[in-house]
Amino acid sequence: MWIQKEVRLTAKERGFHLITDEILHHLPELKQIKIGLLNLFIQHTSASLTINENADYTVRQDFESFFNHAIPENEPYYQHNYEGSDDMPAHLKSSILGASLVLPITNGRLNLGIWQGIYLCEHRNYGGERRLVITLQGE
């Protein structure tokens, strides 16, 4: 079975957001798959996806603090700055973290570790809705 759909995630403020439940809401077909893969691809260059801690909110706060420290705004060597001081750093953060994830499906569920969740990494101050292409494959 192959299923592909495009979904819009609700706009989120800058930061790291746990979106596992929002993704699963769009995937009732997941329950039909005994073994397979889920591919998530974000259609943006200033936001990214990653897998990490799903229980303690401070992990997401620490991610944001780390990336803001490692990739600061308003660097004098940035040439791409006409979309705002957060734009070039957002592109860099997105490239480092990545635009896609591949997750295993086992017996109708994502086969994540007990403390793992899917993050939307919103790197812009006002990023707006984000679009994902979701592709399910399996039997």
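Before reading further, recall that the structure is shown in the block above.
In this report, the structure presented in the accompanying data block is examined. (Residues numbered from 1 in each chain as written. Predicted model: local features only at pLDDT ≥ 70, side-chain atom pairs only at ≥ 80, totals over all residues. Heavy atoms only, no water.)

**Topic: the packing of aromatic side chains**
Next up, step 1: Going through the model one piece at a time under the given rule, you end up with seven aromatic pairs.
Next up, step 2: Measuring from ring centre to ring centre gives 5.2 Å for Phe-16 and Phe-63, while their planes differ by 55°; the resulting arrangement is tilted. Of this pair, Phe-16 sits in strand E2 (residues 15-18) while Phe-63 sits in helix H2 (residues 57-70), placing them 47 residues apart in sequence. Both residues of the pair, Phe-16 and Phe-63, count as buried. (Phe/Tyr/Trp six-rings, centres within 6.5 Å; stacked < 30°, edge-to-face > 60°. Helix = DSSP H or I, 4+ residues; strand = E, 2+ residues; numbered from the N terminus. Buried < 20%, exposed > 50% of the residue type's maximum accessible area, 1.4 Å probe, protein only.)

**Some thoughts on the sheet that holds strand E6 (residues 109-110)**
Next up, step 1: What the five strands build is an open sheet, ordered E1-E8-E3-E5-E6; its pairing is antiparallel. Each edge of the open sheet is held by one strand with a lone partner, namely strand E1 (2-9) and E6. (Pairing = 2+ DSSP bridges.)

**Things to note about the pattern of salt bridges**
Pairing between side chains becomes possible if they bear opposite charge and their charged atoms approach one another.
Next up, step 1: Taken as a whole and judged by the stated rule, the model has nine salt bridges.
Next up, step 2: In this structure, Arg-14 engages Glu-64 in a salt bridge whose closest nitrogen and oxygen atoms are separated by 3.1 Å. You can see Arg-14 sitting in the loop between E1 and E2 and its partner Glu-64 sitting in helix H2, a full 50 residues away along the chain. With respect to class, Arg-14 is no different from Glu-64; both count as buried.
Next up, step 3: For Glu-73, the salt bridge is made with Arg-14, and the minimal N-O distance between the two is 2.5 Å. Taken as a pair, Glu-73 in the loop between H2 and helix H3 (87-97) and Arg-14 in the loop between E1 and E2 lie far apart in primary sequence, 59 residues in all.
Next up, step 4: Among the charged side chains, a network of salt bridges with common partners joins Glu-83, Asp-86, Asp-87 and Arg-124. (Salt bridge = Lys/Arg side-chain N within 4 Å of Asp/Glu carboxyl O.)

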